[in-house]
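# Understanding the architecture of this molecule
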Amino acid sequence: MARQNAAYPGESKWKGWLYLGPAFLLYTIFVLIPLIGTLYNSLFRWDGFSANREFIFLDNFKQLFTDSEFLNALKNNLIFVIFFCVLPIIIGLALSTLLGRIPIKGLTFFRTVLFLPQIISMVVIGVIWRWMFNPVFGPINLSLKSIGLGGLTRTWLGDFNWALPSVGAVGSWVQYGFCMLLFLAGMQRIPQEYYEASSLDGADQWQQLKSITIPSLRPEIGVALVTTIVAALRVFDLVFVTTRGGPGQATMVAGFLIYRTAFIQKNFGYASAMAIVLTVIILFISLLVRRFQQRDEDKS
Amino acid sequence: MRKTWRNALPRYLILTIFMLFVLLPISGMFLSAFKTDTQIIQGPFSLTSSLNPENFERAWITGRFNVFFKNSVFVATVVVILSVFLSTLTGYAFGMLPLPGKKWLLTLIILGFMVPFEAVLIPLYNLMDMIGLRDTYWAIILPQVALSLSFGTLWMSSFFEEAPKELADAAAIDGCSRWQTLWLVLWPLAKPAVTTLVVLFFVWTWNEFLLALVMVQDEALRTLPVGLAFFQGRHSGNIPLMAAGAIIVAVPTILVYILFQRFFIRGMLGGAVKG
């Protein structure tokens, strides 16, 4: 700081704020104040339009915790964590271990394709998979029939038992390439000698994965955890396009329920309370993973 | 030579399987767009003898994808320009300028990183309604810029922290103001960092759905993803037509991604690890 001022004698120490100002203003108006607004709205019964706004303090929250629709939506979000987070991380770790750290010719090409789902609009992905899952001319049922497994065909997205795992599988499809590339990039950091030394000591691949790869990839695994868990909790576009929460409530998730409660049923106060609960869960999990990472960094 | 090839073979096999798993649904959809309704039933990879551009025409004109496309281009362009400009200023302030309250500001920025759109959407909607911006492009642009600033600030500040301080000092001695140092000396060096930011902001804005869905009800102002979602509601049985619409939405981001993928992947992986 002293050195910076040495180059600019007499400069106000508030100079930085001049550069920060416009962004800070936008951020305050369009992020911070609305955030407080949601908290405030959650204490009212309000349709969002009329002046008829009734202060009910925490009643919305009390109601939420006995609202079977909301609890069911949260449960579905948690099941999506398995599909968006657990499976892709396992697949990513397994693949990057199998591929090893040896340079692979043409990796750029594979990398390009594996990353594709990350850059395509979720609405497009929803459209693609609605076609894949289509009971009559969807490729999944057509392939099952063509190899003589016609008995396994389903209406996938219309089936009470299969809709949730089907949409979840799309989440795995989107995330595994990201996880894999994240881990592959991280593995370039691990010195080859670690592996050589441990194989001299008779360690097999599984032991190497447990005692070298996973501990060394801690930052990447942390990132993968936060990114994919948040994706699972926030999922909206995909459900909007594929199932709209149906059949029944089979694929209802918190994001879609908030949207419906606020903008279709015009129950702004109650929807705000849901949004607060969802946000608290997301913040809590993000901070938890962060905390674990930092503690591990301190240890090492 | 031969031996290394044999060792590499299983690796390529695994990679190819998992790559095809990603590629087949996408390319199958692309093929469908050129088919007629009846050809669809013959299976996803039945090639058609005649490539049929009719579906694109129908989506583009009757489906009004031409209008949505124009809207998306406008929104994404303005968001990218504003966000990159403001992120450069804030990144500069964080990385190189004296900034009282820096630690406290950083907490606020990380908050913006984690807060989901749902948490701000309802008051935003009321705010836009109140100031008369609902059902305009600005109802999408302004919040999108504000939420991009968290990532942009962290990304650019890490560039300015690593930029050679001597260069900035030398410019100061030559009589450059802070402002001139930023744009004349440091900005030209920032090209790779800025390119990453442009590409990421473009893709994120182009694909943004919830905000555009809520803030704009006027069909003439819809962006492409929202347009496609409603299009699907009306023509869900017509796969070739849906496929054509999906391609119109996806192709611009795929092109940008292929052209700038080095920058993109660096941003997604590097930015993620740093954040």
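Residues numbered from 1 in each chain as written. Chains lettered and ligands numbered in written order. Predicted model: local features only at pLDDT ≥ 70, side-chain atom pairs only at ≥ 80, totals over all residues.

Counting its secondary structure elements, chain A contains 14 helices and two strands. The dimensions of chain A, computed from C-alpha atoms along their principal axes, are 80 × 75 × 30 Å. Across the 300 residues of chain A, 44% fall into the buried class. (Helix = DSSP H or I, 4+ residues; strand = E, 2+ residues; numbered from the N terminus. Buried ≥ 20, exposed ≤ 12 C-beta atoms within 10 Å, placed from the backbone.)

With that settled, the discussion passes to the overall build of chain B. When you go through chain B residue by residue, the secondary structure sums to 14 helices and zero strands. For chain B, the succession of helices and strands along the chain, N to C, is α-α-α-α-α-α-α-α-α-α-α-α-α-α. In terms of principal-axis extent, the alpha carbons of chain B reach across some 75 × 70 × 30 Å. Residues counted as buried form 47% of the 275 residues belonging to chain B. Considering only contacts in chain B between residues 6 or more positions apart, those separated by 24 or more positions represent 77%. (Contact = placed C-beta atoms within 7 Å.)

Across the contact, 76 residues belong to chain A and 70 residues belong to chain B. Top contributing element to the side of chain A that touches chain B by residue count: helix α2 (residues 15-41) of chain A, with 15 residues. A breakdown of the residues in the side of chain A that touches chain B according to their chemical character gives 54 nonpolar, 16 polar and six charged. (Nonpolar A, V, L, I, M, F, W, Y, C, P; charged D, E, K, R; others polar.)

One way to put it is that helix α4 (residues 68-99) of chain A packs onto helix α8 (residues 163-187) of chain A with a least axis distance of 6 Å and a crossing angle of 40°. Judged by the sense of rotation from one axis to the other, the crossing of α4(A) with α8(A) is right-handed. (Axes fitted to C-alpha atoms, helices over the stretch in contact; angles between N-to-C directions. Left-handed = near helix turned anticlockwise from the far one by under 90°.)

What follows deals with the confidence of the model for chain B. Counting all residues, the mean pLDDT for chain B is 87, and 91% of those residues have values of 70 or more. Interface confidence for the predicted complex, expressed as ipTM, amounts to 0.91; the pTM equals 0.91. (pLDDT = per-residue confidence, 0-100.)

What follows deals with the nonpolar core. Residues Val124(A), Met274(A) and Ala246(B) are the most contacted members of the largest nonpolar core, which totals 177 residues. Non-local contacts of Ala246(B), meaning those with residues more than four positions away in its chain, are made with Val124(A), Val127(A), Ile128(A), Met29(B) and Leu228(B). (Core = buried A, V, L, I, M, F, W, Y, C linked by C-beta atoms within 7 Å.)

Our next topic: the environment of Gly245(A). Position of Gly245(A) relative to the elements: it lies in the loop between α12 (237-242) and α13 (254-264). Apart from the residues within four sequence positions on either side, Gly245(A) is in contact with Val239(A), Thr251(A), Met252(A) and Phe256(A).

Attention now goes to the environment of Ala271(A). Relative to the elements of secondary structure, Ala271(A) occurs in helix α14 (residues 268-299). Among residues more than four places away in sequence, those in contact with Ala271(A) are Ile258(A), Thr261(A), Ala262(A) and Ile122(B).

Taking 1.5 Å per residue, 21 residues should reach 30 Å; helix α13 (residues 239-259) of chain B reaches 29 Å between its end C-alpha atoms and fits that length. A bend of about 35° at Ala250(B) is the largest found in α13(B), and the proline Pro252(B) appears one to four places after it. (Expected span 1.5 Å × (residues − 1). Bend = angle between axes of the 7 residues up to and from the residue.)

Leaving glycine out, the prevailing phi sign among residues is negative, and the prevailing peptide bond configuration is trans. Omega for the peptide link from Gly246(A) to Pro247(A) comes to -5°, which places this bond in the cis form. Within the chain, Arg64(B) stands out as a residue other than glycine whose phi angle is a positive 65°. Tracing the chain through its elements places Arg64(B) in the loop between α3 (54-62) and α4 (65-96). For Arg64(B), a count of 17 C-beta atoms within 10 Å translates into the label partly exposed. Positive phi, close to 65°, is recorded for Asp135(B), a residue that is not glycine. Residue placement: Asp135(B) occurs in the loop between α6 (118-130) and α7 (138-162). Residue Asp135(B) is classed as partly exposed on the basis of its C-beta count, with 15 C-beta atoms lying within 10 Å.

Looking now at helix α7 (residues 139-146) of chain A. Count 3.6 residues to each turn of an α-helix, and residues three or four apart come out pointing the same way. Turning to α7(A), its buried residues number three or more, namely Pro139(A), Ile140(A) and Asn141(A). Positive phi shows up at Gly148(A), right after α7(A), with a value of about 80°.

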